[in-house]
Amino acid sequence: MSDSSPLKVYYDAACPICRRERRRYERLARHSESVEWLDANTHEAVLSEHGVTVQEALLSLHVEDAGSRLYRGMDAYILLMQRIPRLRPLAVLIGLPVIKPVLTWWYDRWVRRRLARQGRL
């Protein structure tokens, strides 16, 4: 896929941190029009077509590429970061075999705590 092929990002729009990160991405991205941001809370039917529940989508970022392939978690973040020249080195770093599992563990734990505090888990 080229850097300009469209992506659909399913994220938790009810999360203030997630919304802030979306704005940060949009400021850094040159081709932000090639990214469609979709609230996972309101796209149950589309997620269901991919075999993903809304709860699963809230627990981890999901990104769909132009070929309808769905990426989850760190793979989704890596795909997004590869779009921004300044973030490409970070995408490589978080994809390293030693770092990716640790970061995935930390991220999954953080999201579960956040959702539990909000009474959404």
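Just so it is clear, the model here is predicted, and its values are computed rather than measured. (Residues numbered from 1 in each chain as written. Predicted model: local features only at pLDDT ≥ 70, side-chain atom pairs only at ≥ 80, totals over all residues. Heavy atoms only, no water.)

Visitor: Please clarify how the nonpolar core should be interpreted in this entry.
Guide: The tendency in soluble globular proteins is for nonpolar side chains to be buried as a group. Among the nonpolar cores identified, the biggest contains 34 residues, and Val9, Leu61, Val63 and Leu80 are the most heavily contacted of them. Looking at this core, the elements with two or more residues in it are β1 (7-11), α1 (16-28), β2 (35-39), α3 (54-59), α4 (74-81), α5 (88-94) and α6 (99-117). Broken down by element, this core gets its largest block of residues, six residues, from α4. Setting aside its immediate chain neighbours within four residues, Val9 contacts Val35, Glu36, Trp37, Leu38, Leu61, His62, Val63 and Leu80. (Core = buried A, V, L, I, M, F, W, Y, C linked by side-chain atoms within 4.5 Å. Buried < 20%, exposed > 50% of the residue type's maximum accessible area, 1.4 Å probe, protein only. Helix = DSSP H or I, 4+ residues; strand = E, 2+ residues; numbered from the N terminus. Contact = heavy atoms within 4.5 Å.)

Visitor: Would you take a moment to explain unusual backbone geometry for this structure?
Guide: Among all residues save glycine, negative phi is the norm, and among peptide bonds the norm is trans. You will see that Ser68, though not glycine, has its phi angle at about 65 degrees, which is positive. On the basis of relative accessibility, which here comes to 42%, the residue Ser68 falls in the partly exposed class.

Visitor: Looking at this structure, how should I read the sheet that holds β2?
Guide: Through backbone hydrogen bonds, the strands of a sheet pair up, either in parallel or in antiparallel fashion. Sheet architecture is open: four strands sit in the order β2-β1-β3-β4, paired in mixed fashion. The open sheet has two free edges, formed respectively by β2 and β4 (70-72), since each of these has just one partner strand. With direction set aside, neighbouring strand axes in the sheet form an average angle of 25 degrees. Pairing analysis gives three bridges linking strand β3 (residues 62-64) to β4, with the strands arranged antiparallel. Following the sheet pairing, Val63 is matched in β4 by Tyr71. (Pairing = 2+ DSSP bridges. Axes fitted to C-alpha atoms, helices over the stretch in contact; angles between N-to-C directions.)

Visitor: Explanation requested: the side chain of Glu64 in the structure shown.
Guide: Looking at where Glu64 falls in the secondary structure, it is placed in strand β3. Within the buried set, Glu64 has no salt-bridge partner at all; the shortest N-O distance to an opposite charge, 4.7 Å, is to Lys8. Within polar-contact distance, the side chain of Glu64 engages the side chain of His50 at 3.3 Å. Among residues more than four places away in sequence, those in contact with Glu64 are Pro6, Leu7, Lys8, Tyr10, His50, Arg69 and Leu70. (Lys, Arg positive; Asp, Glu negative; His and termini not counted. Salt bridge = Lys/Arg side-chain N within 4 Å of Asp/Glu carboxyl O. Polar contact = N/O pair within 3.5 Å; in protein donor to acceptor, adjacent residues only side chain to side chain.)

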